Amino acid sequence: MSIEQEVEALKNIPLFTNIEPSRLKLMAFASERLIFKAGQELFHQGDAGDAAYIFIDGDADVIVDTDDGPLVVANFGKNEFVGEIAILCDVPRTATIKAKSELTTLKITKELFFNMVMDFPEMGVEVMRVLAHRIDKTTSQLTEARNAISEKS
Amino acid sequence: MEPQLFKYIWKHSKKDQVRILFLVLASMPFYFLSLDLPKSIINKAVNSENFAGFNSTLPFMRFELPFGEEIFGRTVILFEGFDLSQLVLLLALCLSFLSLVLVNGVFKFVINTLKGRLGERMLRRLRYELADRILRFPVLHSRRIKQAEIATMIKDEVEPLGGFIGDSIVTPFFLGGQALTAMIFIMVQSFWLGLVAMSIVLVQAFVIPRLRKRILTLGRQRQVTARALAGRVSELVGGAVEIQAHDTSNYERAEISHRLGKIFKIRYEIYQRKFFVKFLNNLLAQITPFIFYLGGGYLVITGQFEIGTLVAVLAAYKDLPPPVKDLINWDQQRNDVQIKYEQVVEQFQPMGMIDPDKQVLEEGNNEVLKGDVVASSLTLIDESENKLLDGVSFSFGVNQRVAVVGNASSGKEYLGLLLANLVKSTSGSVKISNKSLEQLPSAITGRRLSYVGQDAYLFPLSVMDNLFYGLRNWMVNDSPHDTATKDEALRDRQEAARTGNTILNPMGEWVDYKSAGIDDPVQLVPRVTDVLRNVDLEEDVYRFGLSGIVDIESRPDIAESILGAREALKEHLKSIGAEDLVNAFDPESYNKNATLRENLLFGTPRNSDYAGDNLLAMPILREAVAEAELRDSIYNMGLSIARTMVELFTGLPPTHPFFEQFSFISADDLPEFDMIVKRADKSSFSDISISDREALMHLPFDYVEARHRLGLVTEEVEVKILTARKLLAEKLEERDPEAVEFYDPERFNSAASIQDNILFGRLAYGRAEAGETIGHVMTELLDDLGLRSDVIEVGLSYNVGVGGNRLSAVQRQKLALGRALIKKPDLLILNEAAAVMDSQSQNKLVPSIMEAQGEQGIVWTLQRAELSRHFQYIIVMQNGRIVESGTYNELNVEGKVLKSLIAAE
């Protein structure tokens, strides 16, 4: 797979849709393509975060440690962007990501990510937008959950 | 050393000086004869007046007794000579002239050679003596001196002495004799004019040295300032990190400039004065003829003097100034080297030099130290009258484990140095088995004791040589000589002995393996590995071994095993389904994880002409690329790369880290390539200029398809590259077969590291945890195949670099500990030797070294008081005194100093 295909993959990620293709190409060029075999972990819950990953092909499980043992909470596939929280705010990984099939990713190191955001502020704005959407979604989910609990009681 | 240079020269070279003097005297008659002969040729042979007819003859080689007429009243003929006709006489005289020229030439040659040899011998002796003195400097003094300054002294400052010494005694005799002869000649002609000439020479001899006094002082200053400059320059290198980190480069510039200015001033003043002296000298020399002309002329005119006498005086005077001038020059040179000598010698006489008798070579193993170490009222006072140690007394068994604790100003460091006999106490004494430590020769203190300080020095040798450095105490065996080199070696030894140098051969066998408990060469590696394990350095040396190169000549067995490991690795990776982690080298296919350069050369360069960017300039590569019709493809790759780079990187600031990390083109060159790409896009291929083409074609050689992912190496290009690879190999095989060792799956690559030989390929880019996985697998494999000790053996030949700079500080210290352990000392003295390590490593190291030391004793001055729990006896120090001592349990209680020291950590 060449860099052009990676740029195509990046374009399909909501976070990057509004960013100029030449910037995406630079990001693709500067990042490492990393292939994980099924069963390999991208990172483990509690690890220090040093990179985020963009899924180009394949899928992975998101696993959270619970009192009853590991629990798969979600499955991410193509065009997903994971691990960005840990590199943005220096918190340990909040979940484990484990490849379910052979998974091709672009590894965006913390350094690269910040370099890109610094140099191309439009990317920073885009990141903000995506995160804000996420908060909005989470808040509404929380409200729903609260309502559900109060109805139950 | 002799404070006066002449005393030193006379003491060590009088025989040679006298011999040369005699040779010079012996050469004199021949010299004068050769001056006299041209006159005879003209006056006797050429001048026809002497010959009445064609057949008349004159005697040749007729010798008369000089002054015979005056003594005996008649001419006394010693040898009648031969009667020769004019032409034969001319021939005979000319031939005599030629032979005299030859004889003079030979004399000159022999005398100059002897002088040169004498000077060089004295220089060798002087340098050796100075170096010998450095080896006997007390260590506290060595810490204070600047290495560059002391090195300049031995290297440069004594150098002119060698040239001077050969002339030091012969020249004044020779020139003095010449001047005296000329003087007597003048005196004989006219006493009064002679007196005038003499008085002017005396004025010269009186005034000039007086004027030179200031020059000599300046010369001394010049030497000191230049030496200080050398010291400062070495500081610029030594303090490079600090200078850059603190941005003090401008201050340093100012400092250097100031020094140079000072040196300039001194040197300029020397020139001014030197040329003034020269001017005066010439003036005085010219005043004599002035007086001769004026006074002599007056006397002639007034009829008191005959004109013939004046001419004779003037002729005789002509011979006077040159030797006088040369004598004055000689005197100046003498003063100059005398200053140099004094200035150098002065620096090599520190207080407390080690007595040479203590370092006298002593053969055979020495007695084991037993009994007790007893210190009684040890006091150490430094130059500024600080009491570093104050009345320290203690006693413990040589085989005990003793810890010395205290804070930084407690003086524990000095106690360690004193115990190792590296520093002498101001008063008080240390006795080991009832013998005073200071009285013991270094053959005992340096072998039965072992010392490691805080920041141990390593020599730029291999790990192995550093480890055994402490066992190079004396030459066990001379290196074997065959008959051809035997005489040469004997001559070298005699020459060394003649100049007071040691006759020991550094190439001989020096390491005393028996002292390390190695009686048989097979025990060497296991014993070394044990010691490395004791100091926790085994893993490091193992890694050096992995990236080290096997000497296939001496260890074909290792090479064979490594080849087996290559096969085994492949099998193993296949069995765990990880064969995709390595992209193996296959002569028949393109390796997408390797650079284009590697794919073309397909081997490890042995000759640096084929390494790195040098390869691109090799005509042989160009030919192969052209013949494989690869030129266009490489050009197109270069153009694509340039285009992509311009697209990606334009607009980024030139200092952006991406340029360093990812770009094929530096920020400075980017605009240039932007232009090239635009030109290339506009015109057809054939119109592109050669320089543009060259620039583009240099780009793709570091391109790795799997890493950079620009999709440039298509199947068609691959085929061409493989063809070029084959062509290049054929050409190399034919023209430069030793230059490159090609990748061959069946053969060990003797130019590549063990690791590369086992891997035999490139790690695949983009495979998660490829490096870690391969590392684990490789280690396991080598262990299973029993190759671990072989890899360590290769690692032992790793060169540690200057001052050990290829090792980390911790590794250096560990190696120094190994060096101290391997000689099995009776008492191991460690002076905060583990201070550079983190506390976890220290916790591990202390018991490990204790175990290695076995029954023998240890004195360890600890940086962390807590570690003293491992020791049998603890000495606690404060402000140069012992405040308490005892076992850990006794001292680790409330109210004791040790407890508070531990609590403070």
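Residues numbered from 1 in each chain as written. Chains lettered and ligands numbered in written order. Predicted model: local features only at pLDDT ≥ 70, side-chain atom pairs only at ≥ 80, totals over all residues.

## Some points on the overall build of chain B
Moving on, step 1. Within chain B one finds 34 helices and 18 strands.
Moving on, step 2. The C-alpha atoms of chain B give 40 Å as radius of gyration, which overshoots the globular expectation for 905 residues (29 Å, by more than 25%).
Moving on, step 3. In terms of principal-axis extent, the alpha carbons of chain B reach across some 120 × 90 × 60 Å.
Moving on, step 4. Each of the 905 residues in chain B was classed as buried or not, and the buried ones make up 30%. (Helix = DSSP H or I, 4+ residues; strand = E, 2+ residues; numbered from the N terminus. Rg over C-alpha atoms; globule rule 2.2 N^0.38 Å. Buried ≥ 20, exposed ≤ 12 C-beta atoms within 10 Å, placed from the backbone.)

## Here's the deal with the overall build of chain A
Moving on, step 1. Scanning chain A for helices and strands turns up five helices and eight strands.
Moving on, step 2. Against the globule reference of 15 Å for 153 residues, chain A gives a C-alpha radius of gyration of 17 Å, in line with a compact fold.
Moving on, step 3. Taking the principal axes of the C-alpha coordinates as reference, chain A spans close to 55 × 35 × 25 Å.
Moving on, step 4. Per-residue burial for chain A yields a buried fraction of 27% across its 153 residues.
Moving on, step 5. Considering only contacts within chain A whose residues lie at least 6 apart along the sequence, 72% involve residues at least 24 apart. (Contact = placed C-beta atoms within 7 Å.)

## What about the interface of chain A and chain B?
Moving on, step 1. Counting residues at the interface gives 15 residues for chain A and twelve residues for chain B.
Moving on, step 2. Of all the secondary structure elements, the ones that give two or more residues to the side of chain A that touches chain B are α2 (21-30), β1 (32-36) and α4 (110-119) of chain A.
Moving on, step 3. A per-class count over the side of chain A that touches chain B returns seven nonpolar, four polar and four charged. (Nonpolar A, V, L, I, M, F, W, Y, C, P; charged D, E, K, R; others polar.)

## Brief notes about the confidence of the model for chain B
Moving on, step 1. When pLDDT is averaged across chain B, the result is 87; 98% of the residues are at 70 or more.
Moving on, step 2. At the level of chain-chain contacts, confidence expressed as ipTM amounts to 0.80, with global pTM at 0.75. (pLDDT = per-residue confidence, 0-100.)

## What to know about the sheet that holds strand β7 (residues 401-405) of chain B
Residues and elements named next belong to chain B.
Moving on, step 1. The strand order across the open sheet formed by six strands is β10-β15-β16-β7-β17-β18, and the pairing between neighbours is mixed. Edge positions in the sheet fall to β10 (449-452) and β18 (881-886), since each has one partner strand and no second. Strand-to-strand twist in this sheet, taken as the mean axis angle between neighbours without regard to direction, amounts to 15°.
Moving on, step 2. In terms of strand pairing, β7 meets strand β16 (residues 857-861) through four bridges, oriented parallel. Counterpart to Val-404 in the pairing with β16 is Thr-861.
Moving on, step 3. Across the sheet, helix α31 (residues 809-821) lies against β10 and β15 (827-831), angled at about 175° from β10, the strand it touches most. (Pairing = 2+ DSSP bridges. Axes fitted to C-alpha atoms, helices over the stretch in contact; angles between N-to-C directions.)

## Considering the environment of Tyr-888 of chain B
Residues and elements named next belong to chain B.
Moving on, step 1. Relative to the elements of secondary structure, Tyr-888 occurs in helix α33 (residues 888-891).
Moving on, step 2. Taking the C-alpha atoms as reference, Tyr-888 lies 24 Å from Leu-378; in sequence the two are 510 residues apart.
Moving on, step 3. The residues touching Tyr-888, leaving out its near neighbours within four places in the chain, are Ser-868, Arg-869 and Ile-874.

## With respect to the sheet that holds strand β2 (residues 41-43) of chain A
By way of backbone hydrogen bonds, the strands of a sheet pair with one another, either parallel or antiparallel.
All names here are of chain A.
Moving on, step 1. Spatial strand order, β2-β7-β4-β5: four strands in an open sheet with antiparallel pairing. Of all strands in the sheet, those bounded by a partner on one side alone are β2 and β5 (69-76). On average, each strand axis in the sheet is tilted by 30° relative to the strand beside it, whichever way the strands run.
Moving on, step 2. Bridge analysis of β2 against strand β7 (residues 96-99) gives two bridges, and the strand direction is antiparallel. Bridge pairing in β7 places Phe-43 opposite Ile-97.

## Things to note about the packing of helix α7 (residues 170-189) of chain B against helix α8 (residues 191-238) of chain B
Residues and elements named next belong to chain B.
Moving on, step 1. Where α7 meets α8, the axes come as close as 6 Å, and the angle between the chain directions of the two elements is 145°. In terms of crossing hand, the pair formed by α7 and α8 is right-handed. Every residue of α8 that contacts α7 at Met-183, Ile-186 and Met-187 is listed here: Phe-191, Leu-193, Gly-194, Ala-197 and Met-198. (Left-handed = near helix turned anticlockwise from the far one by under 90°.)

## What to know about the environment of Asn-477 of chain B
Residue and element names in this part refer to chain B.
Moving on, step 1. Following the sequence through the fold, Asn-477 ends up in the loop between α15 (463-467) and α16 (483-498).
Moving on, step 2. Given 9 C-beta atoms within a 10 Å radius, Asn-477 is considered exposed.
Moving on, step 3. Look past the residues within four positions of Asn-477 in its chain and what remains in contact with it is Gly-508 and Glu-509.

## Examining the packing of α7 of chain B against helix α12 (residues 321-347) of chain B
Residues and elements named next belong to chain B.
Moving on, step 1. Packing of α7 against α12 leaves a shortest axis separation of 9 Å and a crossing angle of 155°. Judged on the interaxial angle alone, α12 and α7 are roughly antiparallel. Crossing hand, α7 versus α12: left-handed. Touching Thr-171, Pro-172, Leu-175, Gly-176, Gln-178 and Ala-179 of α7 are Pro-323, Val-324, Asp-326, Leu-327 and Trp-330, all from α12.
Moving on, step 2. In the contact of α7 with α12, the residues fall into seven nonpolar, three polar and one charged. (Parallel < 35°, antiparallel > 145°, perpendicular 65-115°, else oblique.)

## A look at the nonpolar core
All names here are of chain B.
Moving on, step 1. In this structure, Val-404, Val-405, Leu-418, Ala-642, Ala-724, Ile-829 and Ile-874 are the most contacted members of the largest nonpolar core, which totals 172 residues.
Moving on, step 2. In terms of residues, this core owes the most to one element, helix α22 (residues 631-649), which gives nine residues.
Moving on, step 3. Those residues within four positions of Ala-724 in sequence are excluded, and the remaining contacts are Leu-600, Ala-624, Val-625, Ala-628 and Leu-630.
Moving on, step 4. Core analysis: the second largest hydrophobic core is formed by 16 residues, Leu-126, Met-153, Val-337 and Val-345 among them. (Core = buried A, V, L, I, M, F, W, Y, C linked by C-beta atoms within 7 Å.)

## Topic: helix α5 (residues 121-152) of chain A
Moving on, step 1. Taking 1.5 Å of rise per residue, 32 residues should cover 46 Å, and α5 of chain A covers 46 Å from first to last C-alpha, within 8% of that figure.
Moving on, step 2. Along α5 of chain A, only one of the 32 residues are buried, which leaves the element largely exposed. (Expected span 1.5 Å × (residues − 1).)

## Brief notes about the pairing of strand β4 (residues 60-66) of chain A
All names here are of chain A.
Moving on, step 1. Across seven bridges, the pairing between β4 and β5 is antiparallel. Pairing of Ile-63 across the sheet is with Val-72, part of β5.
Moving on, step 2. Both β4 and β7 contribute to a ladder of four bridges, which runs antiparallel. What sits directly across from Asp-61, in β7, is Lys-98.

## Examining unusual backbone geometry
Residue and element names in this part refer to chain B.
Moving on, step 1. Although it is not a glycine, Phe-760 sits at a positive phi angle of roughly 40°.
Moving on, step 2. Turning to its location among the elements, Phe-760 is positioned in the loop between α28 (754-759) and β14 (761-763).
Moving on, step 3. Of note in this structure, Glu-769 is not a glycine but carries a positive phi near 60°.
Moving on, step 4. Mapped onto the elements of the fold, Glu-769 is located in the loop between β14 and α29 (770-784).
Moving on, step 5. Exposure remark for Glu-769: the 16 C-beta atoms within 10 Å place this residue in the partly exposed category.

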